[in-house]
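An overview of the molecular structure
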Amino acid sequence: MVVFLWGVAVFLLAVASICLYRAYMGPTALDRVLAVNVIGTKTMVLLVMLAFVFGRPLYIDVALVYALLNFVTTVVATRCFETGVLEGDWQ
């Protein structure tokens, strides 16, 4: 089971590198934000898998905090690109 999880971790890192390429070469800013969000999600999954493999439940707490920060950052960046400002009324 541990060998399988390590294989999945390597696969997720490979897919995250493809998303990193998309974040660098994305045609629009929103494509870049989406790619960074996907990388953050894959990082969270890797942290949970590491918590299971190493038997460290603290990594799950770190993954949850990382997921919340990833969500808030994505919402703020998307709002900034959509409206041009971070404060004020929603349109």
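Look above for the structure.
A brief structural summary. Owing to the predicted nature of the structure, the values given are computational and were not obtained by experimental measurement.

1. Topic: the packing of helix H1 (residues 2-25) against helix H2 (residues 29-54)
- Interaxial distance between H1 and H2 falls to 9 Å at its minimum, and their mutual angle equals 165°. Considered as vectors, H1 and H2 are oriented roughly antiparallel to each other. With respect to the hand of their crossing, H1 and H2 are arranged in left-handed fashion.
- In terms of residue class, the contact of H1 with H2 is built from 25 nonpolar, no polar and three charged.

2. Focus on the packing of aromatic side chains
- This structure, assessed with the given rule, holds one aromatic pair.
- Taken together, a centroid distance of 6.0 Å and an interplanar angle of 70° make the contact between Trp 6 and Phe 54 edge-to-face. With Trp 6 in helix H1 and Phe 54 in helix H2, this residue pair connects regions lying 48 residues apart in the sequence.
- Given the relative accessible area of 48%, Phe 54 is considered partly exposed.

3. Regarding the side chain of Thr 74
- Residue placement: Thr 74 occurs in helix H3 (residues 58-83).
- Note on Thr 74: relative accessible area 17%, which makes it buried.
- Aside from chain neighbours lying at most four places away, what touches Thr 74 is Val 33 and Asn 37.

4. Considerations on the packing of H2 against H3
- Between H2 and H3, the least distance of the axes is 9 Å, while the angle of their chain directions is 175°. Taken together, the axes of H2 and H3 are roughly antiparallel relative to one another.
- A class-by-class count of the residues in the contact of H2 with H3 yields 18 nonpolar, seven polar and no charged.

5. Points about H2
- Across its 26 residues, H2 extends 37 Å between first and last C-alpha, which sits within 8% of the 38 Å expected from 1.5 Å per residue.
- Taken together, the buried positions of H2 are occupied by Val 33, Ala 35, Ile 39, Gly 40, Lys 42, Leu 46, Leu 47, Met 49 and Ala 51.
- Elements that come into contact with the buried residues of H2 comprise H1 and H3.
- Once H2 finishes, Gly 55 follows within two positions and takes phi at roughly 70°, a positive value.

6. What about the nonpolar core?
- The biggest cluster of nonpolar side chains holds five residues, and these are Leu 5, Ala 9, Leu 12, Leu 46 and Met 49.
- Looking at this core, the element that brings in the most residues is H1, giving three residues.

7. Digging into H3
- Look at H3: 38 Å from first C-alpha to last across 26 residues, which is about the 38 Å you get at 1.5 Å a residue.
- Every buried residue of H3 is accounted for by Ala 63, Asn 70, Thr 74 and Arg 79.
- Contact partners of the buried residues in H3: H2.
- The first or second residue beyond H3 is Gly 84, which carries a positive phi of 90°.

The rules behind these values
Residues numbered from 1 in each chain as written. Predicted model: local features only at pLDDT ≥ 70, side-chain atom pairs only at ≥ 80, totals over all residues. Heavy atoms only, no water. Axes fitted to C-alpha atoms, helices over the stretch in contact; angles between N-to-C directions. Helix = DSSP H or I, 4+ residues; strand = E, 2+ residues; numbered from the N terminus. Parallel < 35°, antiparallel > 145°, perpendicular 65-115°, else oblique. Left-handed = near helix turned anticlockwise from the far one by under 90°. Nonpolar A, V, L, I, M, F, W, Y, C, P; charged D, E, K, R; others polar. Phe/Tyr/Trp six-rings, centres within 6.5 Å; stacked < 30°, edge-to-face > 60°. Buried < 20%, exposed > 50% of the residue type's maximum accessible area, 1.4 Å probe, protein only. Contact = heavy atoms within 4.5 Å. Expected span 1.5 Å × (residues − 1). Core = buried A, V, L, I, M, F, W, Y, C linked by side-chain atoms within 4.5 Å.

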